[in-house]
Amino acid sequence: MPTASPPDVVDVVVIGAGIGGLHAARLLHEVGRTVVVLERRDRIGGRLRTDELAGAPVDLGATWFWPNEPRVNALVAEHGLRTHPQNLAGDAIYHEPSGSKRVDGNPLDVPSGRFSDGAASLARAEAARLPVDAIRLATTATQIDATGDDLVISTDDGTTLAAREVIVALPPALAVADLAFVPALDPAVAAVAAATPVWMGTTTKVVIRFAEPFWRPAGLAGSAISHYGPMREIHDMSGADGDAALFGFVPRTGGAAPDEPAIRRQLSELFGPGHPEPLAIMILDWSTERATTPPGAETLTDYGTYGHRVFQTPTLGDRLHWASTETAPVNPGHIDGALAAAARAAGAIRSRHESTLR
């Protein structure tokens, strides 16, 4: 009978190749730690998801970063990424069942930055700082066994890795839903993790591409607020290269995500039936993204768990660290929050066992 292959041995295993996991891995690699990043998807970036729509990059997940966020701004500068400001000029639209009306000024948008090549450009830049074999795509971690000297991380393809420490860069609720922990997590930690909402986890994002930003000559900002829907909040997503787009958020209300006809109807109600037809529409329901959102995520509503104290210190024998944006005490839900959580986790590992590099 064949014997099982011995596990790969590294200093740190990172579970999740979103921006938090990639940044933590990069920080550890730069100080000599050997790191492997496991990612369930066949792509990096997690909720930094950039797709192409009618020939232009559009963000289906994170879109903005803000001037007061030092970590993301520092990385943008370090990597020399192309960025452009969010359009603010023009009036907003208020949409209700009785019709739409123009609102003087734009109370919805604030000064913020956008990634001209999509938010995933930040993830690609961080991944480029890692060895080519450090990221294992389409590989799902299934169990973390802490009963031995090393942590043993099992995956869905039957392989195992042994590591001194592990960073879980998944939304905490997803981690406790999908990972088996041996021994079990401390009940207090597990309870907070299971109750923590998944940022974007129950939201549908809609992106609509046009041939030109027709709203701007009319003095509109491309922003709208609606109590009618399906998109409850709309913003200008036009790019730096002349491409025109709007995007909107659809909250989870128990029904299915909207379809294209529903989006087109709302556009006609907002801008009038004579508005230019979209070139293309893309709809992503994040509640169906199983690599981000666990079952039952719509019942998680206590955002007070974000940055909870249980996420600030390691658990599972002081060898499991959290590094998703939900665990950050600063800017949770933002890219900057994920970077802060990653820096905290990597810093805790760097400060320990400095003489025990493999």
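Here the structure is shown first, and the text comes after it.
Everything numeric here is computed off the predicted structure, so don't read it as measured data.

**A short note on the sheet that holds strand E7 (residues 91-96)**
The sheet built from seven strands is open, its strands ordered E8-E7-E16-E17-E18-E15-E19 with mixed pairing. Strands at the two margins of the open sheet, each flanked by one partner only, are strand E8 (99-103) and strand E19 (280-285). Adjacent strand axes in the sheet meet at a mean angle of 20°, parallel and antiparallel pairs treated alike.

**Some remarks on the sheet that holds strand E9 (residues 113-115)**
Read from one edge of the open sheet, three strands run E5-E9-E6, paired in antiparallel fashion. Strands at the two margins of the open sheet, each flanked by one partner only, are strand E5 (64-65) and strand E6 (83-85). In this sheet, E9 lies alongside E5 in antiparallel orientation, the contact comprising two bridges. Each residue of the ladder has a partner; that of Trp-64, found in E9, is Arg-114.

**Overview of the packing of aromatic side chains**
By the definition in use, this model includes twelve aromatic pairs. Taking 5.2 Å as the distance between ring centres and 80° as the angle between the ring planes, the aromatic pair formed by Phe-214 and Phe-271 counts as edge-to-face. With Phe-214 in the loop between strand E15 (203-210) and strand E16 (220-226) and Phe-271 in helix H6 (residues 260-271), the pair connects residues that are 57 residues apart, well separated along the chain. For the pair Phe-214 and Phe-271, a shared accessibility class is recorded, and that class is buried. Among the aromatic residues, ring-to-ring pairing joins Trp-64, Trp-66, Phe-247 and Phe-249 into one connected group. A cation sits over an aromatic face here: Lys-205 above Phe-247, 4.5 Å from the ring centre.

**A few points about the environment of Glu-326**
Tracing the backbone shows Glu-326 in the loop between strand E20 (320-322) and helix H7 (335-350). Judged by relative accessible area, Glu-326 falls into the buried class, the value being 0%. Residues Glu-326 and Leu-339 lie 13 residues apart in sequence; the distance between their C-alpha atoms is 11 Å. Those residues in contact with Glu-326, other than ones at most four positions away along the chain, are Arg-47, Pro-171, Pro-172, Thr-196, Pro-197, Val-198, Trp-199, Thr-305, Tyr-306 and Gly-307. Separated by 2.8 Å, the side chains of Glu-326 and Ser-324 make a polar contact.

**Some details on the nonpolar core**
Residues Val-13, Ile-15, Ile-144 and Ile-153 are the most contacted members of the largest nonpolar core, which totals 28 residues. Considering every element that reaches this core, the biggest residue donor is strand E13 (residues 160-168), with four residues. For Ile-153, the residues in contact, after removing those within four places along its chain, are Val-13, Leu-38, Ala-141, Gln-143, Ile-144, Thr-159, Thr-160, Leu-161, Ala-163 and Val-166. Judged by nonpolar contacts, the second largest core, of 23 residues, contains Ala-123, Leu-130, Ile-135 and Ala-346.

**Overview of the environment of Gln-312**
In this structure, Gln-312 sits in the loop between E19 and E20. You can call Gln-312 partly exposed: its relative accessible area is 25%. For the pair Gln-312 and Val-37, spaced 275 residues apart in the sequence, the C-alpha separation amounts to 21 Å. With residues near it in sequence (within four places) discarded, Gln-312 still touches Gly-307, Thr-327, Pro-329 and Arg-344. Within the structure, Gln-312 has its side chain in polar contact with the backbone oxygen of His-308 (distance 3.0 Å).

**Some points on the pairing of E16**
Taken across its seven residues, E16 has six buried, putting it largely inside the fold. The sheet contact formed by E7 and E16 spans four bridges and is parallel. Residue Ile-93 lies in a different strand from E16, and its bridge partner there is Ala-224. The pairing of E16 with strand E17 (residues 233-236) spans two bridges and is classified as antiparallel. By the bridge assignment, Ile-225 is partnered in E17 with Glu-233.

**A short note on helix H1 (residues 19-29)**
Most of H1 is tucked away: ten of the eleven residues are buried. Taken together, the buried positions of H1 are occupied by Ile-19, Gly-20, Gly-21, Leu-22, His-23, Ala-24, Ala-25, Arg-26, Leu-27 and Leu-28.

**Brief notes about unusual backbone geometry**
Cis geometry marks the peptide bond from Val-182 to Pro-183, where omega comes out at -5°. Tracing the chain through its elements places Pro-183 in the loop between strand E14 (180-182) and helix H5 (187-195). In this structure, Ala-54 takes a positive phi of about 50° despite not being glycine. By the secondary structure assignment, Ala-54 is in the loop between strand E3 (50-53) and strand E4 (56-59). Within the chain, Asp-318 stands out as a residue other than glycine whose phi angle is a positive 65°.

**Concerning the pattern of salt bridges**
Inspection of every chain in the model, using the stated rule, returns 19 salt bridges. For the salt bridge of Arg-49 with Asp-51, the shortest nitrogen-to-oxygen distance reads 2.9 Å. Salt bridges sharing common partners tie together Arg-26, Glu-30, Glu-78, Glu-126 and Arg-129.

Thresholds, definitions, all that
Residues numbered from 1 in each chain as written. Predicted model: local features only at pLDDT ≥ 70, side-chain atom pairs only at ≥ 80, totals over all residues. Heavy atoms only, no water. Pairing = 2+ DSSP bridges. Helix = DSSP H or I, 4+ residues; strand = E, 2+ residues; numbered from the N terminus. Axes fitted to C-alpha atoms, helices over the stretch in contact; angles between N-to-C directions. Phe/Tyr/Trp six-rings, centres within 6.5 Å; stacked < 30°, edge-to-face > 60°. Buried < 20%, exposed > 50% of the residue type's maximum accessible area, 1.4 Å probe, protein only. Lys NZ or Arg CZ within 6 Å of the ring centre and 35° of its normal. Contact = heavy atoms within 4.5 Å. Polar contact = N/O pair within 3.5 Å; in protein donor to acceptor, adjacent residues only side chain to side chain. Core = buried A, V, L, I, M, F, W, Y, C linked by side-chain atoms within 4.5 Å. Salt bridge = Lys/Arg side-chain N within 4 Å of Asp/Glu carboxyl O.

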